[in-house]
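A look at the structure
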Amino acid sequence: MTSDEGNSFLRQRRTVLAGLAGALLLPRMASAFEVPEVPRLIDHDYAKARKRFHTKLLQKGPAPDKYEPLDAPPEGDKIFYRSGYGGELELVAWVSKYKRGSKPKPGVLFLHGGNAMGLGHWVLLKAYVDAGFVVMMPSLRGENGQMGNFSGFYDEVDDVLSAADRLQHLPGVDGDRLFVAGHSIGGTLTMLAAMSTHKFRAAAPISGNPDAFRFFNRYPQDIRFDDSNAHEFEVRSALCYAKSFKCPVRVVHGTEEAHFNDRAGLLASRARSGGVRIETDTVTGNHTSALPAEIEQSIKFFHGVAA
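Going by an unreviewed UniProt entry, the protein chain carries the name Aminopeptidase and comes from Rhizobium grahamii.

Looking now at helix 11 (residues 291-306). Here helix 11 contains 16 residues, and its C-alpha end-to-end distance of 22 Å stays within 8% of the 22 Å for a straight helix at 1.5 Å per residue. Leu291, Glu294, Ile295, Ser298, Ile299, Phe301, Phe302 and Val305 are the residues of helix 11 that are buried. For helix 11, the angular spread of the buried residues around the axis is 165°, confining them to a single face. Buried residues belonging to helix 11 abut strand 3 (105-111), helix 5 (126-130), strand 5 (173-183), strand 6 (202-206), strand 7 (249-254) and strand 8 (278-283).

Of all residues in the protein chain, 89% attain a pLDDT of 70 or more, and the chain-wide mean is 91. Note on residues 1-30: pLDDT is under 50 here. Beyond four places in sequence and across chains, it has 72 contacts.

A separate point is the pairing of strand 7. With 6 of its 6 residues buried, strand 7 lies for the most part within the structure. Pairing between strand 6 and strand 7: 2 bridges, direction parallel. Among the inter-strand pairings, Ala203 is bridged to a residue of strand 7, identified as Val249. Pairing analysis gives 6 bridges linking strand 7 to strand 8, with the strands arranged parallel. Directly across from Val251, in strand 8, lies its bridge partner Thr280. Note on the crossover from strand 7 through helix 10 (residues 261-273) to strand 8: the handedness is right-handed.

Turning to the sheet that holds strand 3, a few remarks are in order. Spatial strand order, 1-2-4-3-5-6-7-8: 8 strands in an open sheet with mixed pairing. Bordering the open sheet on either side are strand 1 (76-83) and strand 8, each of which pairs with just one other strand. Put simply, the sheet's adjacent strands are angled 25° from each other on average, direction ignored. The strands touched by helix 6 (residues 155-168) within the sheet are strand 1, strand 2 (89-96), strand 3, strand 4 (134-138) and strand 5, with strand 1 carrying the most contacts at an inclination of about 125°. With respect to the sheet, helix 11 is in contact with strand 3, strand 5, strand 6, strand 7 and strand 8, its orientation differing from that of strand 6 by roughly 165°.

Turning our eyes to something else, we now look at the packing of aromatic side chains. Scanning all chains against the criterion turns up 18 aromatic pairs. Between Phe213 and Phe233 the ring centres are 5.1 Å apart and the planes differ by 20°, which places this aromatic pair in the stacked class. Within this pair, whereas Phe213 is found in helix 8 (residues 212-218), its partner Phe233 is found in helix 9 (residues 230-234), the two being separated by 20 residues in sequence. You'll find Phe213 and Phe233 in the same group, each marked buried. Cluster of aromatic residues (ring-pair linked, three or more members): Phe33, Phe153, Phe213, Phe215, Phe216, Tyr219, Phe225 and Phe233.

As a working rule, side chains carrying opposite charge can pair if their charged atoms are close by. On inspection of all chains with the given rule, the structure shows 16 salt bridges. Its salt-bridge partner being Asp159, residue Arg141 comes within 2.8 Å of it at the nearest N-O pair. Taken together, the residues span a long stretch of sequence, with Arg141 in the loop between strand 4 and helix 6 and Asp159 in helix 6 at a distance of 18 residues. Arg177 serves as the salt-bridge partner of Asp174, at 2.8 Å between the closest nitrogen and oxygen. Judged by its relative accessible area of 16%, Asp174 is buried. A relative accessible area of 18% places Arg177 in the buried class.

Okay, the environment of Ala212 next. Structurally, the position occupied by Ala212 is in helix 8. As for Ala212 and Leu239, which are separated by 27 residues in sequence, their C-alpha atoms are 8.7 Å apart.

Time to look at the pairing of strand 4. Of all 5 residues making up strand 4, 5 are buried, and the element is well covered by its neighbours. Residues Val134, Met136 and Pro138 of strand 4 are buried on one face, and the alternating residues Val135 and Met137, pointing to the opposite face, are buried as well. Across 3 bridges, the pairing between strand 2 and strand 4 is antiparallel. Across the sheet, residue Val95 finds its bridge partner in strand 4, namely Met136.

A word on the side chain of His253. With respect to the helices and strands, His253 occurs in strand 7. Of the residues examined, His253 reaches a relative accessible area of 5% and is grouped as buried. A polar side-chain atom of His253 sits 2.7 Å from a polar atom in the side chain of Asn261.

Reading the values: rules and limits
Residues numbered from 1 in each chain as written. Predicted model: local features only at pLDDT ≥ 70, side-chain atom pairs only at ≥ 80, totals over all residues. Heavy atoms only, no water. Helix = DSSP H or I, 4+ residues; strand = E, 2+ residues; numbered from the N terminus. Expected span 1.5 Å × (residues − 1). Buried < 20%, exposed > 50% of the residue type's maximum accessible area, 1.4 Å probe, protein only. Arc of directions from axis to C-beta. Contact = heavy atoms within 4.5 Å. pLDDT = per-residue confidence, 0-100. Pairing = 2+ DSSP bridges. Right-handed = clockwise from strand over helix to strand, strands pointing away. Axes fitted to C-alpha atoms, helices over the stretch in contact; angles between N-to-C directions. Phe/Tyr/Trp six-rings, centres within 6.5 Å; stacked < 30°, edge-to-face > 60°. Salt bridge = Lys/Arg side-chain N within 4 Å of Asp/Glu carboxyl O. Polar contact = N/O pair within 3.5 Å; in protein donor to acceptor, adjacent residues only side chain to side chain.

Written out as structure tokens, the structure is:
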């Protein structure tokens, strides 16, 4: 697939991926839950909160996006990893082809945008490979016709952590130099994953929404959980657990995504109050056009942290 084809594919992705940049600029859809002006800050550790809390799904089923087959991508291999209770879910991941050398390579776990994985996401990741990383992109529960129930930013975090464990133990990968990045929905999951484990050396969420109240107010059709319980939104909001990041973080979005400015700034100020090393920045462009430059900046950030 050429770069033009990859860009064309991305433009055809679901509105969540390509249209999130305008999500908060359009009239809000009616929703049954109350959207706080500023979600509260919770001092409890997010990883511990996840051990105590189980989301209550009122509707069970697959992820909402249309999808394509998960055949191995160009310059990549199709592998599997297990997640869920007792490893009941066998899920597909793509990993870049690489040769084992005398020195293990650092790894990047990249979390795709939208609620389905496709080649349009994969073609963007060559920059990580060229920079010397082994790249793994996992599909998540309920995506692309796979097992599991879509929960929207919660149980999927378990999949991300399981995928990280799989990447960490691949032959020739340096388990002590593991990084996580993601775009859009994957950016949100990047934040939540970086709060859930010490596995990652650094995290680079790109155009991720740290406020689940805002996100689901725009996309109420994606709610599968009990929306009468405000805590269901809080455990999906990095903004509420901003002090829980367990590695350095670089939060970035496009200059044409100004609706992210206030939440990115608040996330950073809350995180810094908890001693987190966090950077925020913008890159010229919109939700998709800024992505190549944002990926390049994440590479520089990862190299700087690992130096």
